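Structural features, examined
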Amino acid sequence: IIRFQEGLNRNKPIDKIIDYITSLESFYAPGQGDLTRKISQRASMVLGTTEEEHESIHNFLKFAYNLRSGLVHGEGLRKLKFKGNELTLESISNTLEEYARNSIRIFLKLINAYNGQDKNNLICSEIDASILNRKKYVLLKKKF
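Residues numbered from 1 in each chain as written. Predicted model: local features only at pLDDT ≥ 70, side-chain atom pairs only at ≥ 80, totals over all residues. Heavy atoms only, no water.

1. Quick notes on the overall build of the protein
Looking only at helices and strands, the protein has seven helices and two strands in total. Shown N-terminal to C-terminal, the secondary structure of the protein runs as helices and strands in the order α-α-α-α-β-β-α-α-α. Against the 2.2 N^0.38 benchmark of 15 Å for 144 residues, the protein shows a C-alpha radius of gyration of 15 Å, consistent with a compact globule. Each principal axis of the C-alpha distribution contributes one length, and for the protein these read about 40 × 30 × 25 Å. When the 144 residues of the protein are sorted by exposure, 42% land in the buried category. Once local pairs closer than 6 in sequence are excluded, the contacts in the protein between residues at least 24 apart make up 56%. Accessible surface, the protein: about 8000 Å² in total, of which carbon and sulfur atoms supply 50%. (Helix = DSSP H or I, 4+ residues; strand = E, 2+ residues; numbered from the N terminus. Rg over C-alpha atoms; globule rule 2.2 N^0.38 Å. Buried < 20%, exposed > 50% of the residue type's maximum accessible area, 1.4 Å probe, protein only. Contact = heavy atoms within 4.5 Å. Areas by Shrake-Rupley, 256 points an atom, 1.4 Å probe, with all protein chains shown as cover.)

2. Brief notes about the nonpolar core
Counting residues in each nonpolar core, the largest one holds 39 residues, and the members touching the most others are L24, Y28, F60, L61, I92, L96 and I127. When contributions to this core are tallied by element, the ones reaching two or more residues are α2 (13–28), α3 (35–47), α4 (51–72), α5 (89–110), α6 (119–132) and α7 (134–142). Examining the composition of this core, we find that nine residues originate from one element, α5, more than from any other. Apart from the residues lying within four places of it in its own chain, the contact partners of L96 are I17, Y20, I21, L24, F60, L61 and A64. (Core = buried A, V, L, I, M, F, W, Y, C linked by side-chain atoms within 4.5 Å.)

This is the structure we're talking about:
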């Protein structure tokens, strides 16, 4: 949530993108490894409501995470072309802000549905199970 707030206070869209992706990473990819897949799959399942939305969010987050990786690993600005359209840094930042804002709202509701320690990993495990099992997806969505 702090990284989201920092993103809101930044002036440059590049800095906002980095902060918003970092915020999403803290929700959807605790631990290490395979971050692009974890963020794009898990966030798409939580934020989307239709199969088309799941796919659209998934693809956009893969694109945005790749963009962020180029920025933070010293490769500079990568292509801003997504699905054949040239995007602006502002439009990418705005979409990521919306996804991060909605994720915060959802996770604040979800943490109340779990007991004990390590709630974030429990939530992510349930999201992963919901990717493969439609009944588990429906049960997860009822929690928020």
